[in-house]
2 protein chains.
Amino acid sequence: MGLTKSEIFTEQQNQIANIAKVFGHPARVAILQYLFKINSCICGDLVDEIGLAQPTISQHLRALKNIGLIKGNIEGTSICYCINNDNWTTMKSIINEFLNQDINNNCC
Amino acid sequence: MGLTKSEIFTEQQNQIANIAKVFGHPARVAILQYLFKINSCICGDLVDEIGLAQPTISQHLRALKNIGLIKGNIEGTSICYCINNDNWTTMKSIINEFLNQDINNNCC
DNA sequence: TTATTATATTGCAATATTACGATAAAAGAA
DNA sequence: TTCTTTTATCGTAATATTGCAATATAATAA
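Everything numeric in this text was worked out from a predicted model, so none of it was measured. (Residues numbered from 1 in each chain as written. Chains lettered and ligands numbered in written order. Predicted model: local features only at pLDDT ≥ 70, side-chain atom pairs only at ≥ 80, totals over all residues. Heavy atoms only, no water.)

Here we look at the interface of chain B and chain A
- With 49 residues of chain B at the interface, the matching set in chain A holds 49 residues.
- Of the roughly 4,100 Å² buried at the junction of chain B and chain A (both faces included), carbon and sulfur atoms supply 61%.
- Note that Lys92 of chain A is salt-bridged to Asp102 of chain B, the shortest N-O span being 3.0 Å.
- Linking chain B with chain A are twelve residue pairs in polar contact (both at pLDDT 80 or more).
- Counting residues per element, the side of chain B that touches chain A draws most heavily on helix H5 (residues 85-99) of chain B, at nine residues.
- Class assignment for the residues of the side of chain B that touches chain A results in 26 nonpolar, 18 polar and five charged. (Contact = heavy atoms within 4.5 Å. Buried area = accessible area lost by both parts, 1.4 Å probe. Salt bridge = Lys/Arg side-chain N within 4 Å of Asp/Glu carboxyl O. Polar contact = N/O pair within 3.5 Å; in protein donor to acceptor, adjacent residues only side chain to side chain. Helix = DSSP H or I, 4+ residues; strand = E, 2+ residues; numbered from the N terminus. Nonpolar A, V, L, I, M, F, W, Y, C, P; charged D, E, K, R; others polar.)

Written out as structure tokens, the structure is:
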């Protein structure tokens, strides 16, 4: 059917999946890495840096903004995008809790 | 187009995205949590536990197996699925390196 | 042998995602 | 005002994902 049955899962499970889905495309991974590497706010050169068309980059930026991992400030004609550090930290703890569930496990 | 342009990204970026894509569905998150919770190998009751049809569960299990996070051992008529702990540890370090890139960042 | 049980695969419909050309919108420059 | 620059949105085509009924496969039980 193509429609994820979110209602049969817990809020936490859906939250983890929604975060992971955003990381599930290399362009969004690359955008985040570039934003961290530049170490200061970045504007429109993501199109040159990544190598996808401008509407495609804009679409990926929206996905990152929707989940709160980046924020954009209007800076003259252009928009300055940067990491939302508070939300990044929150996201990290959610994902780490999931990743670290192996710690007390003695399976095969 | 619908076709991710993997070739314009680094191997690491694609690897992170491929792992994240597997976590990007709540059913697969739930399956992994259940496998950890049961703390011993689990067989077919995932269908009852999760609440999706058997072919759908089988499809999600295949996705998890393809990326190496779980393994399945034939146990009589049924198949015993469990976490692949070595690969889980490797996966964790790949994801953590990505998540921790904020550590030395002084952006806005 | 013929059930029975457990899992995988096939095929398909519904929906989602990705990518981009065309265009719109918003702000500053001339 | 008009022009230019930058980003967003619309529309659409191609592909991917999700979910399940039907069926196949594989192993054991009777």
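Focus: the environment of Ile95 of chain A
Residues and elements named next belong to chain A.
- Along the chain, the position of Ile95 falls in helix H5 (residues 85-99).
- For Ile95, a relative accessible area of 8% translates into the label buried.
- Expressed as a C-alpha distance, the spacing of Ile95 and Val22, which sit 73 residues apart in the sequence, is 13 Å. (Buried < 20%, exposed > 50% of the residue type's maximum accessible area, 1.4 Å probe, protein only.)

Section: the pairing of strand E2 (residues 78-83) of chain A
All names here are of chain A.
- Judged from the six bridges that link them, strand E1 (residues 70-75) and E2 form a sheet pairing that is antiparallel. The partner of Ile74 across the bridge, within E2, is Ile79.
- Once E1 ends, the chain turns through two residues before running back antiparallel as E2, passing Gly76 with a positive phi of about 75°. (Pairing = 2+ DSSP bridges.)

Quick notes on the relation of the copies chain B and chain A
- With an RMSD of 0.0 Å, the operation that places chain B on chain A is a rotation of 180° combined with a shift of 0.0 Å along the axis. In short, the pair behaves as if placed about a two-fold rotation axis. For chain B, the residue whose C-alpha comes nearest the rotation axis is Ala20 of chain B, separated from it by 2.5 Å.
- In this assembly, 100% of the residues forming the interface of chain B have copies in chain A that are likewise at the interface, indicating an isologous arrangement. (Least-squares fit on C-alpha atoms with pLDDT ≥ 70 in both.)

Comments concerning helix H2 (residues 26-38) of chain A
All names here are of chain A.
- When the terminal C-alpha atoms of H2 are compared, their 18 Å separation across 13 residues agrees well with the 18 Å that a helix rising 1.5 Å per residue should span.
- The element H2 is extensively covered by neighbouring structure, given that eleven of its 13 residues are classed as buried.
- Buried residues of H2: Pro26, Ala27, Arg28, Val29, Ala30, Ile31, Leu32, Gln33, Tyr34, Leu35 and Phe36, and no others. (Expected span 1.5 Å × (residues − 1).)

Regarding helix H1 (residues 11-23) of chain B
- Between its terminal C-alpha atoms H1 of chain B stretches 19 Å, which fits the 18 Å expected from 13 residues at 1.5 Å a residue.
- Along H1 of chain B, the residues that are buried comprise Gln13, Asn14, Ile16, Ala17, Ile19, Ala20, Val22 and Phe23 of chain B.
- Contact partners of the buried residues in H1 of chain B: helix H1 (11-23), H2 and H5 of chain A together with helix H2 (26-38), helix H4 (54-66) and H5 of chain B.

Comments concerning the nonpolar core
- Phe23 and Trp88 of chain A together with Phe23 and Trp88 of chain B are the most contacted members of the largest nonpolar core, which has 64 residues in total.
- Setting aside residues up to four positions removed in sequence, Trp88 of chain A forms contacts with Phe23, Leu32, Phe36, Leu69 and Ile83 of chain A together with Phe98, Leu99, Gln101 and Asp102 of chain B. (Core = buried A, V, L, I, M, F, W, Y, C linked by side-chain atoms within 4.5 Å.)

What about the packing of H1 of chain A against H2 of chain B?
- Packing of H1 of chain A against H2 of chain B brings their axes to within 8 Å, and their N-to-C directions diverge by 120°. In terms of orientation, H1 of chain A lies oblique with respect to H2 of chain B. H2 of chain B is crossed by H1 of chain A, and the crossing has right-handed handedness. Residues Gln12, Gln13, Asn14, Ile16 and Ala17 of chain A of H1 of chain A pack against Pro26, Val29, Ala30 and Gln33 of chain B of H2 of chain B. (Axes fitted to C-alpha atoms, helices over the stretch in contact; angles between N-to-C directions. Parallel < 35°, antiparallel > 145°, perpendicular 65-115°, else oblique. Left-handed = near helix turned anticlockwise from the far one by under 90°.)

Observations concerning the side chain of Asn96 of chain B
- In this structure, Asn96 of chain B sits in helix H5.
- Note on Asn96 of chain B: relative accessible area 18%, which makes it buried.

Examining the packing of aromatic side chains
- Counting across every chain of the model gives eight aromatic pairs over all chains.
- When the ring of Phe36 of chain B is compared with that of Trp88 of chain B, the centres are 4.9 Å apart and the planes differ by 70°; the resulting orientation is edge-to-face. Here Trp88 of chain B lies in helix H5 and Phe36 of chain B lies in helix H2, a separation of 52 residues in the sequence.
- Every member of this aromatic cluster is reached through a ring pair, and the members are Phe23, Phe36 and Trp88 of chain A together with Phe98 of chain B. (Phe/Tyr/Trp six-rings, centres within 6.5 Å; stacked < 30°, edge-to-face > 60°.)

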